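One letter stands for each residue in the lines below.
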Amino acid sequence: MPKWKLVTEFTFDSAHFIKDYDGSCGRMHGHTYKVRVEATSSKLHPSQYCPHPIMVADFRSLRWAKQDMTKGGLDHSVLNEVLPEGYETTAEMIAQYIYEETKKRVPDDVRLKVVVSETPNSWVEYEGD
Ligand SMILES: Nc1nc2c(c(=O)[nH]1)N=C([C@H](O)[C@H](O)COP(=O)(O)OP(=O)(O)OP(=O)(O)O)CN2
Ligand SMILES: [Zn+2]
């Protein structure tokens, strides 16, 4: 079946430490996290901002995490304080969190993949079934 794949990339700056980590990552430090979100669907939909069925998902819905922490995003936050109970601040769990929050903001049939990198050399990919 024909389908569309949207891709958007953004960064946010946050501080974190990894709980009980034996090494420098256990101390508070910061990253410019780079995030890539891919959204795939064979259908087009309206969005929160547009009433016509002309988008897989609104790019604005895919880029929420880029917003300042005071506006609901992750930018300039301390991740250990803003991630909900049960999440640690590894790139794996940050990607999972962004995936789960983005899923709530897009139509049900849209498949997502979220890629998070803390450094240019290492990244994590997370996608649904
Ligand atoms: N599987 C994971 N391993 C590590 C994570 C992670 O999220 N998932 N995170 C860290 C730390 O956050 C750390 O800040 C990153 O450490 P490191 O990769 O050593 O970063 P460097 O900038 O020192 O890496 P370079 O090799 O110098 O680019 C650790 N592990
Ligand atoms: Zn780190």
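This is a predicted model, so every value here is computed, not measured. (Residues numbered from 1 in each chain as written. Chains lettered and ligands numbered in written order. Predicted model: local features only at pLDDT ≥ 70, side-chain atom pairs only at ≥ 80, totals over all residues.)

A. Spatial organisation of the overall build of the chain. Broken down by element type, the chain carries three helices and five strands. Helices and strands in the chain line up, N terminus first, as β-β-α-β-α-α-β-β. Relative to the 2.2 N^0.38 estimate, which gives 14 Å for 129 residues, the radius of gyration of the chain is 15 Å and therefore close to what a compact globule would have. Seen through its C-alpha atoms, the chain measures out along the principal axes to roughly 50 × 30 × 25 Å. The proportion of buried residues among the 129 residues of the chain is 22%. (Helix = DSSP H or I, 4+ residues; strand = E, 2+ residues; numbered from the N terminus. Rg over C-alpha atoms; globule rule 2.2 N^0.38 Å. Buried ≥ 20, exposed ≤ 12 C-beta atoms within 10 Å, placed from the backbone.)

B. Region of interest: the UniProt feature "active site" (unreviewed entry) in the chain. Taken from the UniProt record, the annotation "active site" (unreviewed entry) applies to Cys-25, His-76 and Glu-118. Note on placement: Cys-25 falls in the loop between strand 1 (4–16) and strand 2 (29–41). Cys-25 has contacts with Phe-17 and Ile-18, leaving out every residue within four places of it along the chain. Along the polypeptide, Glu-118 turns up in strand 4 (residues 111–119). In contact with Glu-118, not counting residues within four places along its chain, are His-31, Tyr-33 and Ala-91. (UniProt positions renumbered as here; feature names shortened; annotations may be inferred. Contact = placed C-beta atoms within 7 Å.)

C. Geometry of the UniProt feature "binding site: Zn(2+)" (unreviewed entry) in the chain. UniProt tags His-16, His-29 and His-31 as "binding site: Zn(2+)" (unreviewed entry). With the annotated positions falling across 16 residues, the maximum pairwise C-alpha distance of 8.2 Å places them together in a single cluster. For His-16, the location among the structural elements is in strand 1. On the basis of neighbour counts, which here come to 24 C-beta atoms within 10 Å, the residue His-16 falls in the buried class. Not counting chain neighbours up to four residues away, the residues in contact with His-16 comprise Val-78, Leu-79, Asn-80 and Thr-89.

D. Just the pairing of strand 1, in detail. Where strand 1 and strand 2 come together, 13 bridges link them in antiparallel fashion. Bridge assignment links His-16 to a residue of strand 2, and that residue is His-29. In terms of strand pairing, strand 1 meets strand 3 (residues 77–78) through two bridges, oriented parallel. Across the sheet, Ser-14 pairs through a bridge with Ser-77, a residue of strand 3. (Pairing = 2+ DSSP bridges.)

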